[in-house]
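Okay, here's what each chain looks like letter by letter:
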Amino acid sequence: MSKHSEMRRRNNPDRTHDPKIKINDLKHKSKSKQSFTKPSNVATIFLMVIVISGIGYWRYQTMLKEVVKMPLEVRKINNDNSTSAAVNPERFWGSYRPNLYFGMKTRSPQSPLFGFMWLTQFAREMPPPVRHWCDQGDSLQKYGWLKHDGVNFGIQELEERTYKIRTEFVKRLGGQHGGDWTARISVTPKGSAKETVVSLMFYVALDGQGTLQQDLVKKRLSAVTGSSEELGDFSLSFSKQKGPNSAKYNHLISYVSRLDKITDLVKNAFQVKAWDKEHTLPFFALGGRLVPRESPGGPNMMVYQVTVQVPSEIEIVFESGSFVNRPNTLSGDIFQQELTKYSTAFDKRFTKTFDLEEKGYNSADIDFAKAAMSNMVGGIGYFYGSSVVQSRYNDKPIEYWPAALYTAVPSRSFFPRGFLWDEGFHNLLISRWDSTISKDILSHWFDLINIEGWIPREQILGDEARARVPVEFVVQHNENANPPTLFLPLQRLVSEMKGSTDPKDKHFLESIFPRLKTWFDWYNSTQRGSQPLTYRWRGRDFNPKHELNPKTLTSGLDDFPRASHPTVDERHVDLRCWIALASGILADIADAVGKDSSEYKATYAVLSDSKLLQTLHWWPQKQRFADYGLHTDKISLVKPKPPANVHPNNVPPMQKERMVKAEPTYQFVNAFGYVSLFPFLLKFVDPNSVQLFKILGDLKNPDLLWTNFGLRSLARTAPLYNKHNTEHDPPYWRGAIWINMNYLTLGALNHYSKTEGQYQKLAKGIYTELRNNIVSNIIKEYRRTGYIWEQYDDKSGNGKGSHPFTGWSALVVLIMAEEY
């Protein structure tokens, strides 16, 4: 019985089965009781029945509208205080604002925020742009973490055209509120660059409650003292700049109504002041105290600004008021000693974890790998807020329950928020570096499951996160899935925890199991196909007007070609394989926690059965796995004819529309690419089968997927290879090289090269060549451009899409280490 059915029965019990009610009893009532048979009384009864039924129906409909935002009724994995300084002081503070070039906050719902901004004075562009949020439009030549251990410290470089900025931070535990931390920001000129004047700005802003007080020394903001529920009393001290040149100091004391408006507030507060004695060089300086009268409780934001000719260096020291036995201040030489200690420990741990020297990589390659891994863990954020969700029962979007999310992000510049299917790939690397961080992340994601078993696939929590998302992508629909990739890191974590004697490991598995069960059931009820043992992604447009091939955003592969005419009868091979993988891992978890695993083992046996898989998805004519549905390749985008009664000079812009040139028929979809490989990627192909031999041959075919830079997403021979999906929608998964899919391919090749079978040597040869191609191209592009990219061009190997993209593209570290 579905949850909806169960709730309906509770609200509308079927009283005809109540043994206490017998229709014949009405014949033996007194005369006064028989008066109910009068016409007027019959009408009254009829009216009462209608009213009661209406109320019951209204209550049922109201309940259905609420279901989408009801949490799953099992014990949460994370208690409300699990991220507090009292319970988890080590990870209380962090660089948990990945959308910023540099910022600090705590893992609490209303943490005070600390952030860094800068601008180049006397620049070509006036007014000079303020750098704050990571933005590709800023055109920085390079930025990212060089070292970051996810807990204690981080070292980052940000590279402008004529100078470099280095941000470093170190934490120190102590007291009841997470301890202290210090950030050091240094600026150095590049090469023979001419004199450059830079303003460095650091701020503190309160999120909803608390107080701030300024400490002025000769009109210079030397410190801020404050208090909040999360931090108790605290102080933030600003050192004088260290460098050969004099500096100008300015500050801003103000009030910001929303945290996503901080940049705008600072820009609007600038005043033009004289730089030198002759008053010939005006520079942009913050304007002192600008607190609007309507601000409740006084200022909630303070900004420290130092303007100096580079080179220069400043330190920002945060100290907790409850850290009473502090041995010394974490600054100057003490800061450097601690930074060196953590940096050295990081190098040793990285070598022990990934052992890249033994793989033959030189020091420059290893530094690249350290940066890639550091950007993954340095890109972990802490978000709090409510998703905007909608079900078929809601006329308008509604708010999910307020929740926290500790998660990595795909791209600090373009996707600084949580994505469900990305996060599974992220944690393949994170779990290898620090399994405790990974389990913490996974726990936060699983706590987002609602009573239906659904997790919103994009997590847009809080004002800052929502400000970065186009309106059309904000609302999450509860019938739309995403690949359950969180099972990927669980596969290794579960195997490690099976024999563990640590009670925390057993608690973790016992806590996630009921949530995984519900999640798995949701997939099997909402994403199943019309035929037994088939699956279909929901969310495709059944009546496309402008799309060449309706996108399947829920699959994670967006515009990868599926059946041209979506119907309820299509079947998707990748989704079937994801469900098979999930069932096998659920069986392992059930065994580990002493639960009945027979149902999941039976499901796995059926879904992984090679004969049944071939019956549903093997295309005999092309000898490959494929989707099946109502399809034709004879479709194009054409300009519609202008209205006959409109003058040619007055014709409004008209977008190209889809034209179907041949009637579709039910058939396998002619789109060889990543989707076709899923039975191989997730290792469901028999190692001695003809199918494996054919797949291995197709991998090496340059007319299909093979390039010198990795496997392209769609074969060059496919009808929609590199085709725009709309007039303005360029190809995305239609030829470009994606690292997450190449990682799965290498994992499969490595598996088949070590599994007894006829094609071990063939798989090994392809594995070695493909691995070398991928690693060498990503490193080449990193050195050429300064970035790791979202995708890579299949013709040139050049980086494409958003950057830096140190989400799943950072899996290159595991590829280098041969960890699958």
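Residues numbered from 1 in each chain as written. Predicted model: local features only at pLDDT ≥ 70, side-chain atom pairs only at ≥ 80, totals over all residues. Heavy atoms only, no water.

With an unreviewed UniProt entry as reference, the protein is termed Mannosyl-oligosaccharide glucosidase, source organism Mytilus edulis. Quoted verbatim from the Pathway (unreviewed entry) heading of the UniProt record, the comment on the protein is "Glycan metabolism; N-glycan degradation." (UniProt positions renumbered as here; feature names shortened; annotations may be inferred.)

**Quick word on the overall build of the protein**
Within the protein, the secondary structure is distributed over 19 helices and 32 strands. Here the C-alpha atoms of the protein give a radius of gyration of 30 Å, agreeing with the 28 Å that 2.2 N^0.38 yields for 820 residues. Per-residue burial over the protein gives 56% buried out of 820 residues. By sequence separation, contacts in the protein at least 24 residues apart represent 70% of the contacts at least 6 residues apart. One finds the centroid of the 104 positive side-chain charges in the protein at a distance of 3 Å from the centroid of its 86 negative side-chain charges. (Helix = DSSP H or I, 4+ residues; strand = E, 2+ residues; numbered from the N terminus. Rg over C-alpha atoms; globule rule 2.2 N^0.38 Å. Buried < 20%, exposed > 50% of the residue type's maximum accessible area, 1.4 Å probe, protein only. Contact = heavy atoms within 4.5 Å. Lys, Arg positive; Asp, Glu negative; His and termini not counted. Charge placed at Lys NZ, Arg CZ, Asp CG, Glu CD.)

**A word on the side chain of H617**
Within the secondary structure, H617 is located in helix α14 (residues 610–617). Those residues in contact with H617, other than ones at most four positions away along the chain, are R571, H572, V573, R576, R624, F625, A626, D627 and F668.

**Side note on the pattern of salt bridges**
Under the criterion given, the structure shown has 43 salt bridges. Of the charged contacts, one joins E168 and R184 as a salt bridge, the two residues approaching to 2.8 Å between their closest N and O atoms. One end of the pair, E168, is in strand β6 (residues 163–172); the other, R184, is in strand β7 (residues 180–189), with 16 residues separating them in the sequence. E168 gets classed as buried once you look at its relative accessible area, which sits at 5%. Relative accessible area serves as the criterion here: at 9%, R184 is assigned to the buried category. (Salt bridge = Lys/Arg side-chain N within 4 Å of Asp/Glu carboxyl O.)

**Section: the packing of helix α5 (residues 332–354) against helix α6 (residues 363–378)**
Running from N to C, α5 and α6 cross one another at 95°; their axes reach a closest spacing of 12 Å. Comparing their axes, α6 and α5 come out roughly perpendicular. Contacts from F346, D347, F350 and F354 of α5 reach α6 at I366, A369, K370, M373 and S374. Partitioning the contact of α5 with α6 into residue classes produces 6 nonpolar, 1 polar and 2 charged. (Axes fitted to C-alpha atoms, helices over the stretch in contact; angles between N-to-C directions. Parallel < 35°, antiparallel > 145°, perpendicular 65-115°, else oblique. Nonpolar A, V, L, I, M, F, W, Y, C, P; charged D, E, K, R; others polar.)

**Some remarks on the sheet that holds strand β2 (residues 103–106)**
One open sheet holds the 7 strands; their spatial order is β1-β2-β3-β8-β16-β12-β15, and the pairing between them is mixed. Both edges of this open sheet fall to β1 (93–94) and β15 (288–290), since each of them pairs with a single strand only. As judged from the 9 bridges shared by strand β8 (residues 197–205) and strand β16 (residues 301–309), these two strands associate in the antiparallel manner. Bridging across to β16, Y203 finds its partner in V303. (Pairing = 2+ DSSP bridges.)

**What about the sheet that holds strand β24 (residues 475–477)?**
If you trace the 3 strands from one edge of the open sheet to the other, you get β20-β19-β24, paired in mixed fashion. Strand pairing shows two members of the sheet lacking a second neighbour, β20 (398–399) and β24, which therefore form its edges. By the bridge criterion, 2 bridges tie strand β19 (residues 388–390) to β20 in an arrangement that is antiparallel. Residue pairing across strands places V388 opposite E399, the latter belonging to β20.

**A look at the environment of S82**
Structurally, the position occupied by S82 is in the loop between α3 (39–67) and β1. Put simply, S82 and D440 are 358 residues apart on the chain and 9.8 Å apart in space, counted from C-alpha to C-alpha. Discounting residues that sit within four places of it in the chain, S82 has contacts with V87, N88 and R107. One polar contact links the side chain of S82 to the main-chain carbonyl oxygen of N79, over a distance of 3.0 Å. (Polar contact = N/O pair within 3.5 Å; in protein donor to acceptor, adjacent residues only side chain to side chain.)

**Comments concerning α14**
For α14, every residue scored as buried is listed here: L613, L616 and H617. Considered in projection along α14, the buried side chains sweep an arc of 75° and stay on one side of the axis. Summarising the geometry of α14, the exposed residues directed more than 90 degrees from the buried face are K611 and T615. If you follow the buried residues of α14, they end up packed against α12 (573–592), β25 (618–619), β26 (624–625), β30 (665–668) and α15 (678–681). Here α14 starts with a cap whose side-chain oxygen sits 3.3 Å from the backbone nitrogen of K611, and that cap is D609. (Arc of directions from axis to C-beta.)

**Examining the confidence of the model for the protein**
Across the protein, the average pLDDT comes to 92, with 93% of residues at 70 or higher. Every residue in residues 1–37 scores below 50 in pLDDT, and together they form 25 contacts with partners more than four places removed in sequence or on other chains. (pLDDT = per-residue confidence, 0-100.)

**Observations concerning the environment of F508**
Relative to the assigned elements, F508 resides in helix α11 (residues 503–526). It is 47 Å that separates the C-alpha atoms of F508 and T717, two residues lying 209 residues apart in sequence. Ignoring sequence-local partners within four residues, the contact set of F508 consists of K439, S443, L490 and M497.

**Focus: unusual backbone geometry**
The omega torsion across V310 and P311 is 10°, close enough to zero to call that bond cis. With respect to the element layout, P311 can be found in the loop between β16 and β17 (312–320). The omega angle of the peptide bond from H803 to P804 is -5°, so this bond is cis rather than trans. As for its placement among the helices and strands, P804 is situated in the loop between β32 (799–800) and α19 (812–817). One non-glycine residue, L533, lies in the positive phi region at around 65°.

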